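Residue strings, one per chain:
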Amino acid sequence: MSTLSQLDIAALRLLIAIADQGSISAGANRCHLSVAAASKRISDLEARVGMALLLRHRRGVKPTPAGEIFIAHARRMAALAGAMEDDLRDYANGVEDRVRIVANSAAIVQFLPEDLHGYMQGNPRVRIELEEHTSRSAVELLQTDRADLGLFDGGYAAANLHCHPYRADTLVCVTHPRHSLARRRGALRFEQTLDHDHVGLYRGTAILTQMERAAAQAGRALRLRIQVTSFDAVCRMAESGIGVGVVPARVAQSYVTLGRLRQIRLSDPWARRQLMLGWPQQREPSPGAQALIAHLLAGAQP
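Residues numbered from 1 in each chain as written. Predicted model: local features only at pLDDT ≥ 70, side-chain atom pairs only at ≥ 80, totals over all residues. Heavy atoms only, no water.

The name that an unreviewed UniProt entry assigns to the chain is HTH-type transcriptional regulator gltC, with the source organism given as Bordetella pseudohinzii. Quoted verbatim from the Sequence similarities (unreviewed entry) heading of the UniProt record, the comment on the chain is "Belongs to the LysR transcriptional regulatory family." (UniProt positions renumbered as here; feature names shortened; annotations may be inferred.)

Shown next, in the form of C-alpha coordinates:
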(Lines give C-alpha, C1' and ligand atoms only; values in the text may rest on other atoms or scores of the structure.)
Protein backbone atom coordinates (compact mmCIF):
# COMPACT_ATOMS: atom_id res chain seq x y z
CA MET A 1 0.00 0.00 0.00
CA SER A 2 1.29 3.49 -0.86
CA THR A 3 2.43 5.55 2.11
CA LEU A 4 0.40 8.45 0.67
CA SER A 5 -2.82 6.49 1.16
CA GLN A 6 -2.28 6.72 4.93
CA LEU A 7 -1.92 10.49 5.16
CA ASP A 8 -3.47 12.16 8.20
CA ILE A 9 -5.89 14.99 7.36
CA ALA A 10 -4.99 16.73 10.64
CA ALA A 11 -1.31 16.70 9.60
CA LEU A 12 -2.22 18.16 6.20
CA ARG A 13 -4.21 20.94 7.86
CA LEU A 14 -1.25 21.65 10.15
CA LEU A 15 1.10 21.86 7.16
CA ILE A 16 -1.26 24.27 5.40
CA ALA A 17 -1.50 26.45 8.52
CA ILE A 18 2.30 26.56 8.89
CA ALA A 19 2.75 27.45 5.21
CA ASP A 20 0.09 30.19 5.46
CA GLN A 21 1.63 31.64 8.64
CA GLY A 22 5.27 31.19 7.58
CA SER A 23 6.05 29.84 11.03
CA ILE A 24 5.78 26.49 12.81
CA SER A 25 4.86 28.16 16.09
CA ALA A 26 2.12 30.31 14.49
CA GLY A 27 0.76 27.32 12.57
CA ALA A 28 0.81 25.20 15.73
CA ASN A 29 -1.10 27.90 17.59
CA ARG A 30 -3.76 28.01 14.86
CA CYS A 31 -4.17 24.24 15.15
CA HIS A 32 -4.12 24.30 18.96
CA LEU A 33 -0.90 22.25 19.24
CA SER A 34 2.35 22.77 21.07
CA VAL A 35 5.34 23.72 18.95
CA ALA A 36 7.08 20.46 19.81
CA ALA A 37 4.04 18.39 18.79
CA ALA A 38 3.61 20.33 15.55
CA SER A 39 7.29 20.01 14.67
CA LYS A 40 7.18 16.24 15.22
CA ARG A 41 4.04 15.87 13.10
CA ILE A 42 5.69 17.71 10.21
CA SER A 43 8.87 15.64 10.55
CA ASP A 44 6.79 12.45 10.54
CA LEU A 45 4.91 13.68 7.44
CA GLU A 46 8.17 14.45 5.62
CA ALA A 47 9.51 11.01 6.55
CA ARG A 48 6.36 9.39 5.19
CA VAL A 49 6.53 11.16 1.82
CA GLY A 50 10.31 10.77 1.67
CA MET A 51 11.26 14.41 1.07
CA ALA A 52 11.53 17.79 2.78
CA LEU A 53 8.36 19.85 2.51
CA LEU A 54 9.48 22.92 4.47
CA LEU A 55 12.71 24.90 4.36
CA ARG A 56 13.54 26.09 7.87
CA HIS A 57 15.41 29.37 8.38
CA ARG A 58 15.93 31.85 11.20
CA ARG A 59 12.87 33.93 10.35
CA GLY A 60 10.49 31.01 9.97
CA VAL A 61 9.75 28.46 7.27
CA LYS A 62 8.74 28.37 3.63
CA PRO A 63 7.72 25.47 1.39
CA THR A 64 10.32 23.70 -0.69
CA PRO A 65 9.49 23.27 -4.42
CA ALA A 66 8.19 19.79 -3.60
CA GLY A 67 6.34 21.27 -0.65
CA GLU A 68 4.54 23.78 -2.89
CA ILE A 69 3.18 20.92 -5.01
CA PHE A 70 2.31 18.84 -1.95
CA ILE A 71 0.53 21.74 -0.21
CA ALA A 72 -1.55 22.52 -3.32
CA HIS A 73 -2.87 18.94 -3.27
CA ALA A 74 -3.23 19.07 0.53
CA ARG A 75 -5.51 22.11 0.23
CA ARG A 76 -7.82 20.23 -2.13
CA MET A 77 -7.85 17.17 0.15
CA ALA A 78 -8.55 19.28 3.24
CA ALA A 79 -11.35 21.14 1.44
CA LEU A 80 -12.93 17.85 0.35
CA ALA A 81 -12.67 16.46 3.88
CA GLY A 82 -14.21 19.66 5.25
CA ALA A 83 -17.11 19.44 2.79
CA MET A 84 -17.69 15.80 3.78
CA GLU A 85 -17.66 16.74 7.48
CA ASP A 86 -20.14 19.57 6.84
CA ASP A 87 -22.48 17.29 4.91
CA LEU A 88 -22.42 14.59 7.56
CA ARG A 89 -22.93 17.18 10.30
CA ASP A 90 -25.95 18.51 8.41
CA TYR A 91 -27.53 15.09 8.17
CA ALA A 92 -26.77 14.42 11.84
CA ASN A 93 -28.59 17.68 12.65
CA GLY A 94 -31.64 16.75 10.59
CA VAL A 95 -30.83 18.39 7.24
CA GLU A 96 -32.46 16.30 4.53
CA ASP A 97 -31.49 18.11 1.33
CA ARG A 98 -29.02 20.63 -0.02
CA VAL A 99 -29.64 23.02 -2.92
CA ARG A 100 -26.74 24.73 -4.68
CA ILE A 101 -27.76 28.05 -6.24
CA VAL A 102 -25.65 30.25 -8.53
CA ALA A 103 -26.99 33.73 -9.23
CA ASN A 104 -25.91 37.02 -10.70
CA SER A 105 -25.59 40.06 -8.46
CA ALA A 106 -28.83 41.63 -9.72
CA ALA A 107 -30.87 38.67 -8.48
CA ILE A 108 -28.99 38.46 -5.18
CA VAL A 109 -29.24 42.15 -4.35
CA GLN A 110 -32.79 42.78 -5.46
CA PHE A 111 -34.93 39.68 -5.04
CA LEU A 112 -33.36 36.60 -3.48
CA PRO A 113 -33.11 37.69 0.17
CA GLU A 114 -36.88 37.94 0.61
CA ASP A 115 -37.62 34.92 -1.61
CA LEU A 116 -35.14 32.65 0.16
CA HIS A 117 -36.24 33.81 3.59
CA GLY A 118 -39.82 32.81 2.81
CA TYR A 119 -38.72 29.43 1.49
CA MET A 120 -36.36 28.64 4.35
CA GLN A 121 -39.00 29.49 6.95
CA GLY A 122 -41.14 26.69 5.58
CA ASN A 123 -38.29 24.28 4.76
CA PRO A 124 -35.93 24.23 7.75
CA ARG A 125 -34.43 20.86 6.77
CA VAL A 126 -33.10 22.15 3.42
CA ARG A 127 -29.66 23.73 3.32
CA ILE A 128 -29.16 26.51 0.76
CA GLU A 129 -25.70 27.14 -0.70
CA LEU A 130 -25.70 30.41 -2.65
CA GLU A 131 -22.78 31.66 -4.75
CA GLU A 132 -22.55 34.88 -6.75
CA HIS A 133 -21.43 34.50 -10.37
CA THR A 134 -21.76 36.37 -13.63
CA SER A 135 -24.72 35.25 -15.74
CA ARG A 136 -22.36 33.53 -18.19
CA SER A 137 -20.59 31.65 -15.42
CA ALA A 138 -23.89 30.67 -13.75
CA VAL A 139 -25.13 29.09 -16.98
CA GLU A 140 -21.84 27.24 -17.48
CA LEU A 141 -22.05 25.81 -13.95
CA LEU A 142 -25.60 24.60 -14.61
CA GLN A 143 -24.62 23.06 -17.96
CA THR A 144 -21.76 21.13 -16.34
CA ASP A 145 -23.99 19.97 -13.45
CA ARG A 146 -22.04 21.88 -10.80
CA ALA A 147 -25.13 23.70 -9.51
CA ASP A 148 -28.78 22.84 -8.96
CA LEU A 149 -30.47 26.16 -9.74
CA GLY A 150 -29.33 29.37 -11.39
CA LEU A 151 -30.60 32.93 -11.77
CA PHE A 152 -29.19 34.87 -14.68
CA ASP A 153 -29.82 37.48 -17.36
CA GLY A 154 -32.27 36.25 -19.97
CA GLY A 155 -29.77 36.86 -22.76
CA TYR A 156 -27.81 33.84 -21.54
CA ALA A 157 -30.67 31.34 -21.54
CA ALA A 158 -29.52 28.07 -23.12
CA ALA A 159 -31.41 25.33 -24.95
CA ASN A 160 -30.03 22.55 -22.72
CA LEU A 161 -31.44 24.10 -19.55
CA HIS A 162 -34.95 24.39 -18.19
CA CYS A 163 -35.45 28.18 -18.22
CA HIS A 164 -38.39 30.16 -16.85
CA PRO A 165 -38.90 33.91 -16.32
CA TYR A 166 -38.16 34.92 -12.73
CA ARG A 167 -38.22 38.70 -12.28
CA ALA A 168 -37.84 41.76 -14.48
CA ASP A 169 -35.68 44.73 -13.61
CA THR A 170 -34.97 48.11 -15.20
CA LEU A 171 -31.55 49.66 -15.63
CA VAL A 172 -31.02 53.36 -15.01
CA CYS A 173 -28.15 55.78 -15.38
CA VAL A 174 -26.95 57.18 -12.03
CA THR A 175 -25.02 60.42 -11.65
CA HIS A 176 -23.82 62.86 -9.03
CA PRO A 177 -26.68 65.34 -8.34
CA ARG A 178 -24.64 68.16 -9.88
CA HIS A 179 -23.52 66.23 -12.96
CA SER A 180 -24.60 67.78 -16.26
CA LEU A 181 -26.77 64.74 -17.09
CA ALA A 182 -28.63 65.16 -13.79
CA ARG A 183 -30.42 68.22 -15.19
CA ARG A 184 -32.17 66.15 -17.86
CA ARG A 185 -35.88 65.51 -17.61
CA GLY A 186 -37.29 62.31 -19.03
CA ALA A 187 -35.42 59.32 -20.41
CA LEU A 188 -32.21 59.32 -22.41
CA ARG A 189 -30.51 56.87 -24.74
CA PHE A 190 -27.36 55.20 -23.48
CA GLU A 191 -25.54 56.65 -26.48
CA GLN A 192 -26.08 60.11 -24.96
CA THR A 193 -23.96 59.14 -21.93
CA LEU A 194 -20.89 58.27 -23.99
CA ASP A 195 -19.44 61.78 -23.83
CA HIS A 196 -18.89 61.19 -20.12
CA ASP A 197 -16.63 58.99 -18.01
CA HIS A 198 -18.26 55.78 -16.78
CA VAL A 199 -17.97 53.63 -13.70
CA GLY A 200 -18.37 50.00 -14.75
CA LEU A 201 -18.66 46.55 -13.26
CA TYR A 202 -15.95 43.97 -13.79
CA ARG A 203 -15.33 42.21 -17.10
CA GLY A 204 -17.82 39.50 -18.02
CA THR A 205 -20.87 40.90 -16.23
CA ALA A 206 -24.04 41.13 -18.30
CA ILE A 207 -24.45 44.88 -17.75
CA LEU A 208 -20.90 45.80 -18.77
CA THR A 209 -21.14 43.50 -21.79
CA GLN A 210 -24.34 45.26 -22.89
CA MET A 211 -22.83 48.71 -22.30
CA GLU A 212 -19.81 47.82 -24.45
CA ARG A 213 -22.07 46.38 -27.15
CA ALA A 214 -24.27 49.49 -27.19
CA ALA A 215 -21.22 51.75 -27.43
CA ALA A 216 -19.81 49.70 -30.33
CA GLN A 217 -23.16 49.84 -32.15
CA ALA A 218 -23.07 53.62 -31.79
CA GLY A 219 -19.54 53.68 -33.19
CA ARG A 220 -18.25 55.16 -29.94
CA ALA A 221 -15.82 54.17 -27.23
CA LEU A 222 -16.98 53.45 -23.69
CA ARG A 223 -14.86 55.67 -21.45
CA LEU A 224 -14.41 53.43 -18.41
CA ARG A 225 -12.76 55.54 -15.72
CA ILE A 226 -12.84 52.76 -13.13
CA GLN A 227 -14.23 49.23 -12.71
CA VAL A 228 -15.63 47.86 -9.46
CA THR A 229 -17.15 44.62 -8.22
CA SER A 230 -20.62 45.56 -6.97
CA PHE A 231 -23.63 47.77 -7.68
CA ASP A 232 -23.11 49.52 -4.36
CA ALA A 233 -19.56 50.40 -5.41
CA VAL A 234 -20.85 51.77 -8.74
CA CYS A 235 -23.26 54.01 -6.83
CA ARG A 236 -20.58 55.17 -4.39
CA MET A 237 -18.20 56.03 -7.22
CA ALA A 238 -20.93 57.89 -9.12
CA GLU A 239 -21.82 59.71 -5.91
CA SER A 240 -18.20 60.86 -5.61
CA GLY A 241 -18.33 62.33 -9.13
CA ILE A 242 -15.86 59.90 -10.73
CA GLY A 243 -18.28 59.00 -13.50
CA VAL A 244 -21.80 57.93 -14.38
CA GLY A 245 -22.97 54.36 -13.86
CA VAL A 246 -25.65 51.92 -14.95
CA VAL A 247 -27.41 49.90 -12.23
CA PRO A 248 -30.88 48.42 -11.59
CA ALA A 249 -33.40 51.03 -10.50
CA ARG A 250 -34.12 49.18 -7.23
CA VAL A 251 -30.43 49.38 -6.31
CA ALA A 252 -30.27 53.12 -7.01
CA GLN A 253 -33.47 53.96 -5.13
CA SER A 254 -32.03 54.33 -1.63
CA TYR A 255 -29.27 56.64 -2.90
CA VAL A 256 -31.81 58.70 -4.85
CA THR A 257 -34.17 58.96 -1.87
CA LEU A 258 -31.35 60.33 0.27
CA GLY A 259 -30.39 62.84 -2.42
CA ARG A 260 -26.98 61.26 -2.94
CA LEU A 261 -27.60 60.34 -6.58
CA ARG A 262 -29.82 61.32 -9.47
CA GLN A 263 -31.21 58.53 -11.67
CA ILE A 264 -32.22 58.93 -15.30
CA ARG A 265 -34.26 56.27 -17.06
CA LEU A 266 -32.65 54.66 -20.10
CA SER A 267 -34.89 54.34 -23.15
CA ASP A 268 -32.82 51.57 -24.78
CA PRO A 269 -34.73 48.26 -25.09
CA TRP A 270 -31.91 46.38 -23.36
CA ALA A 271 -32.41 48.47 -20.21
CA ARG A 272 -35.56 46.42 -19.49
CA ARG A 273 -34.18 43.02 -18.50
CA GLN A 274 -35.68 39.63 -17.79
CA LEU A 275 -33.98 37.52 -15.16
CA MET A 276 -34.38 33.79 -15.65
CA LEU A 277 -34.53 30.81 -13.32
CA GLY A 278 -32.81 27.75 -14.79
CA TRP A 279 -31.81 24.21 -13.85
CA PRO A 280 -30.12 21.29 -15.65
CA GLN A 281 -32.12 19.11 -18.02
CA GLN A 282 -29.91 16.07 -17.50
CA ARG A 283 -31.35 15.14 -14.10
CA GLU A 284 -34.43 15.59 -11.97
CA PRO A 285 -34.13 18.25 -9.26
CA SER A 286 -34.07 16.96 -5.69
CA PRO A 287 -37.26 17.35 -3.63
CA GLY A 288 -35.81 20.43 -1.90
CA ALA A 289 -34.87 21.98 -5.25
CA GLN A 290 -38.32 21.21 -6.70
CA ALA A 291 -39.97 22.94 -3.76
CA LEU A 292 -37.69 25.96 -4.19
CA ILE A 293 -38.40 26.14 -7.92
CA ALA A 294 -42.14 26.18 -7.20
CA HIS A 295 -41.64 28.86 -4.53
CA LEU A 296 -39.57 31.12 -6.79
CA LEU A 297 -41.87 30.74 -9.77
CA ALA A 298 -44.93 31.46 -7.62
CA GLY A 299 -43.61 34.98 -7.14
CA ALA A 300 -42.27 35.34 -10.69
CA GLN A 301 -42.91 38.60 -12.53
CA PRO A 302 -42.27 38.16 -16.26
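Next comes the rest of the write-up.
A.B. asks: Can you break down the pattern of salt bridges residue by residue, with the values?
C.D. replies: Inspection of the entire model under this criterion finds 19 salt bridges. Here Arg30 and Asp20 are joined by a salt bridge, their closest N and O atoms 3.4 Å apart. With Arg30 in helix α2 (residues 24-30) and Asp20 in helix α1 (residues 9-21), the pair connects residues that are ten residues apart, well separated along the chain. Among the salt bridges present, the one from Glu239 reaches Arg236, with a minimum N-O distance of 3.8 Å. With Glu239 and Arg236 both in helix α9 (residues 231-240) and three residues apart, this pair spans about one turn of that helix. Residue Arg236 is classed as partly exposed on the basis of its relative accessible area of 48%. (Salt bridge = Lys/Arg side-chain N within 4 Å of Asp/Glu carboxyl O. Helix = DSSP H or I, 4+ residues; strand = E, 2+ residues; numbered from the N terminus. Buried < 20%, exposed > 50% of the residue type's maximum accessible area, 1.4 Å probe, protein only.)

A.B. asks: So what's going on with the packing of aromatic side chains? Residues and values would help.
C.D. replies: Taken as a whole and assessed by the stated rule, the structure comprises two aromatic pairs. Their ring planes at 90 degrees and their centres at 6.1 Å tell us that Phe111 and Tyr166 sit as a pair that is edge-to-face. Placement of Phe111 in the loop between α5 (105-110) and α6 (112-122) and of Tyr166 in strand β6 (residues 161-175) is noted, with a sequence separation of 55 residues between them. Tyr166 carries the same exposure label as Phe111, and that label is buried. Centre to centre, the rings of Phe190 and Trp270 are 5.4 Å apart; their planes meet at 75 degrees, and the pair counts as edge-to-face. Pair noted here: Phe190 is in the loop between β6 and β7 (198-201) and Trp270 is in the loop between β10 (262-265) and β11 (272-280), with a separation of 80 residues, a long-range link. Judged by relative accessible area, Phe190 falls into the buried class, the value being 0%. (Phe/Tyr/Trp six-rings, centres within 6.5 Å; stacked < 30°, edge-to-face > 60°.)

A.B. asks: An account of the layout of surface pockets is needed here, citing residue identities and associated values.
C.D. replies: The computed volume of the largest pocket comes to approximately 180 Å³. As for the largest pocket, its lining consists of 13 residues, and the residues nearest its centre are Asp153, Gly155, Ala206, Gln210 and Arg213. Sort the elements by how many residues they give to the lining of the largest pocket and helix α8 (residues 206-217) lands first, with four residues. Residues of the lining of the largest pocket, tallied by class, amount to four nonpolar, four polar and five charged. (1 Å grid on protein atoms, 1.4 Å probe; cavity = no way out; pocket = protein on both sides within 12 Å on 5 of 7 lines; lining within 4 Å. Points joined across faces, edges and corners; volume = space filled by probe spheres on them. Nonpolar A, V, L, I, M, F, W, Y, C, P; charged D, E, K, R; others polar.)

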